[in-house]
Amino acid sequence: MAQSVLVLLATPLVVLNVWAISVIFGYFRSILVTVLIAGLLAFLLSYPMGRLETLGLKRGYAATLVLVLALVGFSGLAIIVLPFVIDQGQQLVVRLPDWFDSGKTQLMVLDGKLAEWGWPINLDGLITQTSDRLKREIQSIAGEALNLTINVAVFTANKLLDVVLTVVLTFYLLQHGEEVWQGVIGLLPTRLQQPFSETLRQSFRNYFLGQFIVASCFGTALTIIFGLLNVPFGSLFGLTVGLLALVPFGGTVGVIIVTLLVALRDIKIAIPMLISALIVQQLVENGIAPRVLGSVTGLNPFWVFIAILSGARVGGLLGVIVAVPAAVILKEALVALRNAPYLGSATETIDGGSGAGAAQTKAAALP
């Protein structure tokens, strides 16, 4: 009973704190984004840096080497991939009108087949109503996606100072992150410091590492398979699905989108493409993901979905990235609160109900 009352009392406070965090985040957005990105980069790079330290390299040299290698690798990947994505995206946008015409023709053929078979289904109205609207919507989505890719490059160039500050802050956190972290953890009650620190580290490490490995395997496999099936823009579609797979449920959404696009051009290619994508997805989710992720979240998929939506509402793309591990931390905090010793004592006292029960509780507390 006491635990239920405590949860009911704590829920409005949690909602109020989330709202306050969203307001504060909106006001200090640029600063907090820089700090969060630097913190995440430093957190992820701290593991290879730790390996270098175990080999005898000093912390400062290890931090410098890891950061330089990360910058070189990221820059090289951007130089190779970004022009390809922009070029393929532009070609896709140009060809979309022809694909829509092809999709409309395929629907008309299907409508004729249904009429021959005597099925009481007429697709004429559906074709007329949805063709133009769907054409405008998908062209708009494709254009926005292409503009987003270009805007990222322009944003990076225009926000060079923010990029430099992020790199400098990441380097500082690689060297002195442990002291900063201990200062933050020190604000918590003593008995919660170690469990909270371990839960946070394990959740973030396993989640990001696991999602990266799963998304890489999924995207690479689909890129190869789409190439073998001669899927138009197969490399672009495989890369897109792999990037979306970095977020829970993103891979499924990506597969649906690219399958619908290819189906407009040729349904005979879209069907084996969809079957192959589903097989690969099942192999990754049931074969690789459990070995890599394990029980990293321990969350029901429903709560994972709610966490992603909440993260997107509070912090946009960055909120989506940290939503799931943040939800894991919140869950662990609630479990720790529920199992806290003082709650058990309070429950026993309430269950006693009488003066004798209270006296027994006090007597048990005496030396």
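Residues numbered from 1 in each chain as written. Predicted model: local features only at pLDDT ≥ 70, side-chain atom pairs only at ≥ 80, totals over all residues. Heavy atoms only, no water.

## A look at the overall build of the chain
Thinking step 1. Secondary structure summary: the chain contains twelve helices and zero strands in total.
Thinking step 2. Across the chain, helices and strands are ordered from the amino to the carboxyl terminus as α-α-α-α-α-α-α-α-α-α-α-α.
Thinking step 3. Across the 367 residues of the chain, 29% fall into the buried class.
Thinking step 4. Long-range contacts, defined as pairs at least 24 residues apart, comprise 69% of the intrachain contacts of the chain with a sequence gap of at least 6.
Thinking step 5. Approximately 23,100 Å² of the chain is accessible, and the part contributed by carbon and sulfur atoms is 70%. (Helix = DSSP H or I, 4+ residues; strand = E, 2+ residues; numbered from the N terminus. Buried < 20%, exposed > 50% of the residue type's maximum accessible area, 1.4 Å probe, protein only. Contact = heavy atoms within 4.5 Å. Areas by Shrake-Rupley, 256 points an atom, 1.4 Å probe, with all protein chains shown as cover.)

## Some thoughts on a nonpolar patch on the surface
Thinking step 1. Taken together, the side chains of Phe-249, Phe-302, Trp-303, Phe-305, Ile-306 and Leu-309 define a hydrophobic patch exposed on the protein surface, amounting to about 600 Å² of accessible area.
Thinking step 2. Take Phe-302: it is sitting in helix α10 (residues 301–338).
Thinking step 3. Exposure remark for Phe-302: the relative accessible area of 48% places this residue in the partly exposed category. (Patch = residues over 30% accessible without salt bridge, like charges linked within 9 Å, V, L, I, M, F, W, Y side chains within 5 Å. Salt bridge = Lys/Arg side-chain N within 4 Å of Asp/Glu carboxyl O.)

## What about the nonpolar core?
Thinking step 1. Counting residues in hydrophobic clusters, the biggest one holds 28 residues, and the most contacted among them are Leu-92, Trp-99, Phe-218, Leu-222, Val-231, Phe-237 and Val-262.
Thinking step 2. Counting residues per element, the ones that place at least two in this core are α3 (59–116), α6 (190–228), α7 (234–244), α8 (250–265) and α9 (267–293).
Thinking step 3. Of all hydrophobic cores here, the second largest spans 14 residues; its members include Leu-40, Phe-43, Tyr-207 and Ile-329. (Core = buried A, V, L, I, M, F, W, Y, C linked by side-chain atoms within 4.5 Å.)

## Points about helix α2 (residues 29–54)
Along an α-helix, residues three or four positions apart point the same way, because every turn accommodates 3.6 residues.
Thinking step 1. Under the 1.5 Å per step criterion, the end-to-end length of α2 is 37 Å for 26 residues, consistent within 8% with the ideal 38 Å.
Thinking step 2. Regarding α2, the residues found buried are Thr-34, Ala-38, Leu-40, Ala-42, Phe-43, Leu-45 and Met-49.
Thinking step 3. After α2 finishes, the residue Gly-56 shows a positive phi value of roughly 105°. (Expected span 1.5 Å × (residues − 1).)

## Thoughts on the confidence of the model for the chain
Thinking step 1. The predicted model of the chain averages 74 in pLDDT, with 70% of residues at 70 or higher.
Thinking step 2. Taken element by element, the chain is modelled with least confidence in helix α12 (residues 355–365), mean pLDDT 41, and with most confidence in α7, mean pLDDT 89.
Thinking step 3. Predicted confidence is poor over residues 342–367, with pLDDT under 50, and the contacts of this stretch with residues over four places away or in other chains come to nine contacts. (pLDDT = per-residue confidence, 0-100.)

## Topic: the environment of Phe-249
Thinking step 1. Along the chain, Phe-249 turns up in the loop between α7 and α8.
Thinking step 2. For Phe-249 and Pro-301, which are 52 residues apart along the polypeptide, the C-alpha to C-alpha distance reads 9.3 Å.
Thinking step 3. If we skip the residues at most four places from it in the chain, Phe-249 touches Pro-301, Val-304, Phe-305 and Ile-308.

## Structural notes on the pattern of salt bridges
Once the charged atoms of two side chains with opposite charge are near each other, the side chains can pair.
Thinking step 1. Across all of its chains, the model carries one salt bridge by this definition.
Thinking step 2. Between Glu-53 and Arg-59 there is a salt bridge whose closest N-O contact spans 3.2 Å.
Thinking step 3. Residue classification places Arg-59 among the partly exposed residues on the basis of a relative accessible area of 33%.

## Quick notes on unusual backbone geometry
Thinking step 1. Backbone geometry places Asn-230, a non-glycine residue, at a positive phi of 55°.
Thinking step 2. Structurally, Asn-230 is set in the loop between α6 and α7.
Thinking step 3. Given a relative accessible area of 62%, Asn-230 falls into the exposed group.

## Observations regarding the packing of aromatic side chains
Thinking step 1. Under the counting rule described, the total for this entry stands at two aromatic pairs.
Thinking step 2. Both rings, one in Phe-43 and one in Tyr-47, keep their centres 5.6 Å apart while their planes meet at 90°; by these two values the pair is edge-to-face. One end of the pair is Phe-43 and the other is Tyr-47, both in helix α2 and four residues apart, which spans about a single turn.
Thinking step 3. Under the relative-accessibility criterion, Tyr-47 is labelled partly exposed at 33%. (Phe/Tyr/Trp six-rings, centres within 6.5 Å; stacked < 30°, edge-to-face > 60°.)

## Quick word on the environment of Leu-188
Thinking step 1. Within the element layout of this structure, Leu-188 appears in the loop between α5 (160–185) and α6.
Thinking step 2. Judged by its relative accessible area of 31%, Leu-188 is partly exposed.

## With respect to the packing of α2 against α5
Thinking step 1. Viewed as axis vectors pointing N to C, α2 and α5 meet at an angle of 45°, and their least axial separation amounts to 8 Å. Comparing the axis directions of α2 and α5 gives the class oblique. For α2 against α5, the interelement crossing comes out right-handed. Contacts from Thr-34, Val-35, Ile-37, Ala-38, Gly-39, Leu-41, Ala-42, Leu-45, Ser-46 and Met-49 in α2 reach Asp-162, Leu-165, Thr-166, Leu-169, Thr-170, Leu-173 and Leu-174 in α5.
Thinking step 2. When the residues that make up the contact of α2 with α5 are grouped by side-chain class, the tally is eleven nonpolar, five polar and one charged. (Axes fitted to C-alpha atoms, helices over the stretch in contact; angles between N-to-C directions. Parallel < 35°, antiparallel > 145°, perpendicular 65-115°, else oblique. Left-handed = near helix turned anticlockwise from the far one by under 90°. Nonpolar A, V, L, I, M, F, W, Y, C, P; charged D, E, K, R; others polar.)

## Quick word on the packing of α7 against α8
Thinking step 1. Where α7 contacts α8, the two axes come as close as 7 Å, and the packing angle between them is 155°. Overall, the two elements α7 and α8 adopt an arrangement that is roughly antiparallel. Handedness of the α7/α8 crossing: right-handed. Here α7 contributes Phe-237, Val-241 and Leu-244 to the contact with α8, which in turn contributes Gly-250, Gly-251, Gly-254, Val-255, Val-258, Leu-261 and Val-262.
Thinking step 2. Partitioned by chemical class, the residues of the contact of α7 with α8 number seven nonpolar, three polar and no charged.

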